[in-house]
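Read off the chains here:
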Amino acid sequence: MPRLSEVIAALENLWPAERAESWDAVGTVVGDPGQQVSRVLFAVDPVQEIVDEAVKLGADLLVTHHPLYLRGTTTVAASTFKGRVVHTLIKNDVALHVAHTNADTADPGVSDALAGALDLRVVGPLVPDPSDGGGRRGLGRVCELDHPVTVRELAARAAERLPATAQGIRVAGDPEALVRRVAVSGGSGDSLFEQVRAAGVDAFLTADLRHHPASEFIAAGAPRPLALLDAAHWATEWPWCELAASQLDEISDRRGWDLRVHVSRTVTDPWTAHAASDTTSSSTGAPN
């Protein structure tokens with residue numbers, strides 16, 4: 001049975017902290033390096049519901065994609081929800097480790113897992129990491145399909161293959177346009193529009209698309225029209241949990257560790273319901 005320091009060293013080898021963005025907060029948040037680890041839980045968000053799940057499971061280590069304290073803090077008082085998370089973790093001897101933007105750009109990383117969930121063949125990174133001579137690391141992925149599908153069909157595939165959320169998949173652009181190449185990026189992706197246009201793709205699947213950037217992207221059109229597919233942030237990053245768990249499983253087998261690795265199926269997307277607009281209405285304008 002490995003100690004926490006050994007497991008963390010293995011995770012840091014997969015997702016080195018130095019490859020995280022300068023604004024990010026990755027690494028071990030809570031945990032005694034000397035404690036033994038027998039069970040690990042992977043999840044997207046370090047929220048109370050997930051921490052309670054880790055405690056109930058008997059996990060010694062919780063690994064999340066999103067940081068607990070991204071912007072720092074001056075208190076871990078249990079009167080705050082993040083403070084309660086810290087108190088619960090420490091009282092139950094559960095360590096917390098975060099792999100965020102260092103997992104986004106890894107090879108394989110968050111967008112590889114997203115592409116895999118959609119049966120897309122990865123061609124290369126959307127935004128290559130200049131420090132990677134092999135050209136495999138970087139943000140987002142450019143992918144190809146085995147045969148062309150319409151934007152509508154690709155959206156339906158994403159809705160079927162990604163975890164179900166209240167949002168589902170939103171589409172901007174012509175639903176009947178053919179897609180042969182598609183860019184994907186787990187998490188918020190509208191900062192990558194310039195790179196998407198330069199990638200020669202027919203569509204871009206990501207999350208958290210905002211009105212004005214999306215509207216301008218679609219309106220610009222040049223050099224050719226592109227479609228946008230907007231999924232829930234949590235849903236685009238959850239496939240990484242399964243990928244990361246399989247990576248740790250492989251390491252555990254190779255090193256002879258007696259580790260049991262789990263992936264949380266708890267939906268922590270903050271949106272819980274969706275009321276669809278009446279698209280059969282004969283109204284030609286917004287209500288007065």
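Remember, predicted model here, so these are calculated numbers, not experimental data.

A. Summary view of the overall build of the protein. The secondary structure content of the protein amounts to nine helices and 11 strands. The C-alpha atoms of the protein give a radius of gyration of 20 Å, which matches the 19 Å a tight globule of 288 residues would have. The principal-axis extents of the C-alpha atoms in the protein amount to approximately 65 × 50 × 30 Å. In the protein, which comprises 288 residues, the proportion classed as buried is 48%. In the protein, once contacts between residues fewer than 6 apart in sequence are set aside, the share between residues at least 24 apart is 68%. By element, 51% of the accessible surface of the protein is carried by carbon and sulfur atoms, the whole surface being about 14,200 Å². Between the centroid of the 25 positive side chains of the protein and the centroid of its 38 negative side chains there is a distance of 1 Å.

B. Representation of the sheet that holds strand E3 (residues 61–64) within the structure. Read from one edge to the other, the open sheet built from five strands follows the order E1-E4-E3-E2-E11, with strand pairing classed as mixed. Strand pairing shows two members of the sheet lacking a second neighbour, strand E1 (27–30) and strand E11 (260–263), which therefore form its edges. Taken pair by pair, the neighbouring strands of this sheet meet at an average axis angle of 25 degrees, ignoring direction. Relative to the sheet, helix H1 (residues 4–14) contacts E1, E3 and strand E4 (95–98), its axis offset from that of E3 by approximately 15 degrees. The strands that helix H2 (residues 48–57) touches are strand E2 (39–43), E3 and E11; relative to E2, the one it contacts most, it runs at about 160 degrees.

C. Fine view of unusual backbone geometry. For the peptide bond that leads from Asp107 to Pro108, omega is 0 degrees, which places it in the cis range. Unusually for a residue other than glycine, Asp119 sits at a positive phi of about 55 degrees. Mapped onto the fold, Asp119 is located in the loop between helix H5 (110–117) and strand E5 (121–128). A residue is classified by how much of its surface remains accessible, and Asp119, at 46% relative accessible area, is partly exposed. Not every positive phi belongs to a glycine, and Asp208 is a case in point at roughly 60 degrees. Relative to the elements of secondary structure, Asp208 occurs in the loop between strand E9 (203–207) and helix H8 (211–220).

D. Just the layout of surface pockets, in detail. The volume enclosed by the largest pocket comes to roughly 760 Å³. Put simply, the parts of the chain that give the lining of the largest pocket at least two residues each are helix H3 (81–91), helix H4 (101–104), H5, E5, strand E6 (138–150), strand E8 (178–188) and helix H9 (233–255). In terms of residue count, the dominant contributor to the lining of the largest pocket is E8 (four residues). The class makeup of the residues in the lining of the largest pocket is 14 nonpolar, 13 polar and eight charged. Along the walls of the second largest pocket sit 14 residues, with Asp208, His233, Trp234, Asp269 and Pro270 positioned nearest its centre. Elements supplying a minimum of two residues to the lining of the second largest pocket: strand E10 (227–231) and H9. For the lining of the second largest pocket, the per-class residue count stands at five nonpolar, five polar and four charged.

E. Region of interest: the nonpolar core. Core analysis: the largest hydrophobic core is formed by 52 residues, its most contacted members being Trp15, Phe42, Leu61, Val182 and Trp240. Per element, the largest residue contribution to this core is nine residues, and it comes from H9. Residues within four places of Val182 in sequence aside, it is in contact with Leu120, Arg141, Val142, Cys143, Leu145, Leu154, Val201, Ala203, Phe204 and Leu205. Listed in part, the 15 residues of the second largest apolar core include Val30, Val51, Val85 and Leu96.

Procedures and definitions
Residues numbered from 1 in each chain as written. Predicted model: local features only at pLDDT ≥ 70, side-chain atom pairs only at ≥ 80, totals over all residues. Heavy atoms only, no water. Helix = DSSP H or I, 4+ residues; strand = E, 2+ residues; numbered from the N terminus. Rg over C-alpha atoms; globule rule 2.2 N^0.38 Å. Buried < 20%, exposed > 50% of the residue type's maximum accessible area, 1.4 Å probe, protein only. Contact = heavy atoms within 4.5 Å. Areas by Shrake-Rupley, 256 points an atom, 1.4 Å probe, with all protein chains shown as cover. Lys, Arg positive; Asp, Glu negative; His and termini not counted. Charge placed at Lys NZ, Arg CZ, Asp CG, Glu CD. Pairing = 2+ DSSP bridges. Axes fitted to C-alpha atoms, helices over the stretch in contact; angles between N-to-C directions. 1 Å grid on protein atoms, 1.4 Å probe; cavity = no way out; pocket = protein on both sides within 12 Å on 5 of 7 lines; lining within 4 Å. Points joined across faces, edges and corners; volume = space filled by probe spheres on them. Nonpolar A, V, L, I, M, F, W, Y, C, P; charged D, E, K, R; others polar. Core = buried A, V, L, I, M, F, W, Y, C linked by side-chain atoms within 4.5 Å.

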